[in-house]
Amino acid sequence: MQASSPVSAPAPPGLAERLAQRGISRRQFLKFCGAMAGALALPPRFAPRIASALAAAPRVAVVWLEFQDCAGNTESFLRASDPTVTEIVLKLLSVNYHETIMAPAGLRLNVCYIWNC
């Protein structure tokens, strides 16, 4: 009898592979990182830091707080078709909290807990 070698699970695709699957080039990704630096009022030299942080994170963590929103953006999010909300929540993002989606589960978030007030 032969001893079977342990089979390791394939590594999950990295950010570069996932972006390439969606038709996004490295140049477009870096332009996005530069735009994000600008949106956050950071100098352009922070774009490579944003790119490396996004590449290192397995999935982007999201805490979605609506406050006085009408929930129209939540409705649009739940009715997305490409990618579907299932793909977004299970593969692309780590939705740690969303008031509307988690309300039926009885989950509530103390906002002061997030900002330590």
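In this report, we go over the structure that sits alongside the text.

Calculation rules
- Residues numbered from 1 in each chain as written.
- Predicted model: local features only at pLDDT ≥ 70, side-chain atom pairs only at ≥ 80, totals over all residues.
- Heavy atoms only, no water.
- Helix = DSSP H or I, 4+ residues; strand = E, 2+ residues; numbered from the N terminus.
- Buried < 20%, exposed > 50% of the residue type's maximum accessible area, 1.4 Å probe, protein only.
- Contact = heavy atoms within 4.5 Å.
- Areas by Shrake-Rupley, 256 points an atom, 1.4 Å probe, with all protein chains shown as cover.
- Arc of directions from axis to C-beta.
- Axes fitted to C-alpha atoms, helices over the stretch in contact; angles between N-to-C directions.
- Left-handed = near helix turned anticlockwise from the far one by under 90°.
- Nonpolar A, V, L, I, M, F, W, Y, C, P; charged D, E, K, R; others polar.
- Core = buried A, V, L, I, M, F, W, Y, C linked by side-chain atoms within 4.5 Å.

**Some remarks on the overall build of the protein**
So, point 1. Within the protein, the regular secondary structure consists of seven helices and two strands.
So, point 2. Start at the N end of the protein and walk to the C end: the helices and strands fall as α-α-α-β-α-α-β-α-α.
So, point 3. Across the 117 residues that make up the protein, the buried fraction comes to 19%.
So, point 4. Residue pairs in contact within the protein that sit at least 24 positions apart in sequence constitute 57% of those at least 6 positions apart.
So, point 5. When the accessible surface of the protein is split by element, carbon and sulfur atoms take 60% of a total near 9200 Å².

**Observations concerning the environment of Tyr97**
So, point 1. Residue position: Tyr97 is located in strand 2 (residues 93–98).
So, point 2. Spatially, the C-alpha atom of Tyr97 lies 5.9 Å from that of Trp64, the residues being 33 residues apart in sequence.

**Some details on helix 3 (residues 47–56)**
Because the α-helix completes a turn every 3.6 residues, residues three or four places apart line up on one side.
So, point 1. Those residues of helix 3 that fall on the buried side of the exposure criterion are Ala47, Ile50 and Ala51. Taken down its axis, helix 3 places every buried residue within 100° of arc, on the same side. Away from its buried face, by an angle of more than 90 degrees, helix 3 presents the exposed residues Pro48, Arg49 and Ala56.
So, point 2. Check the buried side of helix 3 and you find it contacts helix 2 (26–39).

**Section: the packing of helix 2 against helix 3**
So, point 1. Helix 3 packs onto helix 2 with a crossing angle of 115° between their chain directions and a minimal axis gap of 8 Å. Judged by the sense of rotation from one axis to the other, the crossing of helix 2 with helix 3 is right-handed. Residue-level inspection shows Phe29, Leu30, Phe32, Cys33, Gly34, Met36 and Ala37 of helix 2 in contact with helix 3, the latter providing Ala47, Ile50, Ala51 and Leu54.
So, point 2. Partitioned by chemical class, the residues of the contact of helix 2 with helix 3 number 10 nonpolar, one polar and no charged.

**Focus on the nonpolar core**
So, point 1. Counting eight residues, the largest nonpolar core consists of Leu15, Leu19, Phe29, Cys33, Ala37, Ala47, Ile50 and Ala51.
So, point 2. Among the elements of the structure, helix 1 (15–21), helix 2 and helix 3 are those that each provide at least two residues to this core.
So, point 3. The residues contacting Phe29, other than those within four sequence positions of it, are Leu15, Leu19, Ile24, Ala51 and Leu54.

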